[in-house]
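Fold and geometry: a report
Residue strings, one per chain:
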Amino acid sequence: MSNNRVSRRQFLGYTLTGVGGFMAAGMLMPMVRFAVDPVLQQKDAGDYVLTGQAVSEITEEPVRVDFSYEQVDGWYTSDVTNSAWVYRDGDKLIALSPVCKHLGCTVNWGGDAEHPTQFFCPCHAGRYEKNGANIAGTPPIGPLDEFDVEDQDGFVAIGAVKENTLV
Amino acid sequence: MHFTSKDIDQYVGQKEYVDTAVIPLIELDLSANGMKASANASEYMQSLTAILEKQFKGRILLFPPVSYARESDRTKLAVDLQAELRKTSFQHVFYLTADAQWRALDDLPNVLWLPAIPTGDMDQTFKKSVMEDQLRQVLPLFMKEWTHHS
Ligand code: FES
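Residues numbered from 1 in each chain as written. Chains lettered and ligands numbered in written order. Predicted model: local features only at pLDDT ≥ 70, side-chain atom pairs only at ≥ 80, totals over all residues. Heavy atoms only, no water.

**Some words on the side chain of K127(B)**
Residues and elements named next belong to chain B. Quick note on the threshold: Each helix is a run of H or I in the DSSP string that is no shorter than four residues. Each strand is a run of E no shorter than two, and both are numbered from the N terminus. Each residue gets one of three labels from its accessible area relative to the maximum for its type: buried under 20%, exposed over 50%, partly exposed in between, using a 1.4 Å probe on protein chains only. Note on contacts: a residue pair is in contact if any heavy atoms of the two residues lie within 4.5 Å.
When you line up the elements, K127 lands in helix α5 (residues 124-148). The exposure class assigned to K127 is buried, which follows from its relative accessible area of 16%. In contact with K127, not counting residues within four places along its chain, are E43, S47, T119 and M122.

Structure follows, in structure tokens:
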């Protein structure tokens, strides 16, 4: 009759196993996440972001090409939109970063009416040549950075940012 | 620049270049009817100031939004903010807001009032083009202020 009943000892046994297991899982889960997350998130430095800009429309006149990707900052994931100034040099595509090397404002091609064939920074009137070379006498101390750039099935794809190789 | 410890380190060394403070003013209306519009105004203001910061990173210090209750005394807020800003060396201070009450007050100089556009339900690309359009409305005001007194 009573052999079906759970004894006190058995009850404690079950309970403690249960709680212990739960605690172990609680400890393990974060460890597994720490171990796995970086692997899952690893983004290859050689990754290219495809843009909607057709390569055939790129001329020798720099145009702004936007591209977006996901950025994780601590707990916060956001869609970041960036842009590049893209032009053609012979049969090569060139993509320059729009970030001013003085203090980081966004530069514009032909942004200053007096210098229509230069990049112009509206913040402190920094100027750059078309290849990104900074113009002496204006605040920037170095040339604009360059992006790796590729033709992917007729569309511009932007890769990692690197130091200017044209100047 | 943003109001983060890293950007402030840079700001301290480059004060003569980072001469403009931008302060978003955001009203909190938490009533059942007002909450959604209030949230939208906050979202709009934060997107707008974020792209403004991106454009003028080296000249602007963007402060975190100053948020206050619907009933808050705006005149008092204006006095306090200005007193705080007097401790700094900013040449130009802009307040950006979607709160219409500031239009009737002239406690603060350079309040740019912009009616909030409901961007929350737009898709990303469309939202982006709308916000850039908004930026284009604001840019000339900054350029004008900078050329007038510098
Ligand atoms: S940030 Fe471009 S010139 Fe100063």
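Once the structure has been displayed, the description carries forward.
**Structural notes on the nonpolar core**
So the rule is basically this: We call a set of buried Ala, Val, Leu, Ile, Met, Phe, Trp, Tyr and Cys residues a nonpolar core when their side-chain atoms join them within 4.5 Å.
Grouped together as the largest cluster of nonpolar side chains are 32 residues, with contacts concentrated most on L52(B), L96(B) and F142(B). Elements represented by at least two residues in this core include exactly β3 (76-89), β4 (92-96) and β6 (119-121) of chain A together with β1 (20-28), α2 (35-55), β2 (60-62), β4 (92-97) and α5 of chain B. Ranked by the residues each element gives to this core, the list is headed by α5(B), at 6 residues. Aside from chain neighbours lying at most four places away, what touches L52(B) is V22(B), I60(B), L96(B), L135(B), V138(B), L139(B) and F142(B). With 20 residues, the next largest nonpolar core counts V66(B), V93(B), Y95(B) and L108(B) among its residues.

**Some words on the pattern of salt bridges**
Applicable threshold: Think of a salt bridge as a Lys or Arg side-chain nitrogen and an Asp or Glu carboxyl oxygen that are within 4 Å of each other.
Within this structure, the stated rule accounts for 16 salt bridges over all chains. A salt bridge links K57(B) to E53(B); its shortest N-O distance comes to 3.0 Å. Judged by its relative accessible area of 24%, K57(B) falls in the partly exposed class. Residue classification places E53(B) among the buried positions, given a relative accessible area of 5%. One connected set of salt bridges, linked through shared partners, spans R64(A), D66(A), K128(B) and E132(B).

**Thoughts on helix α3 (residues 74-85) of chain B**
All names here are of chain B. Heads up, the condition is: What a helix should span is 1.5 Å times the count of its residues minus one. Throughout, the arc means that of the directions going from the helix axis to the C-beta atoms. Whenever a nitrogen or oxygen atom comes within 3.5 Å of another N or O atom, the pair is scored as a polar contact, on the condition that within protein one atom can donate a hydrogen and the other can accept it, and that pairs from neighbouring residues in sequence are kept only if both atoms are in side chains.
Relative to the 16 Å expected for 12 residues at 1.5 Å per residue, α3 spans 16 Å between its end C-alpha atoms, a close match to the ideal helical length. Among the residues of α3, those classed as buried are R74, L77, A78, L81 and L85. One side of α3 holds all its buried residues, which, seen down the axis, span an arc of 100°. Residues of α3 that are buried make contact with β1, β3 (66-69), β4 and α4 (101-104). Among the residues of α3, the N-terminal cap falls to D73, whose side-chain oxygen and the backbone nitrogen of T75 are separated by 3.0 Å.

**Topic: the interface of chain B and chain A**
The test is simple: Summed over both partners, buried area is the accessible surface (1.4 Å probe) that two parts give up on being assembled.
Across the contact, 14 residues belong to chain B and 13 residues belong to chain A. Taken together, both faces of the contact between chain B and chain A bury some 1,200 Å²; the carbon and sulfur share is 52%. Looking only at chain B, the three residues that lose the most surface to chain A are Y17(B), K54(B) and Q55(B), adding up to 40% of its buried area. Between chain B and chain A we count 2 salt bridges in total. One salt bridge in this structure joins E132(B) and R64(A), with 2.9 Å as the shortest N-O distance.

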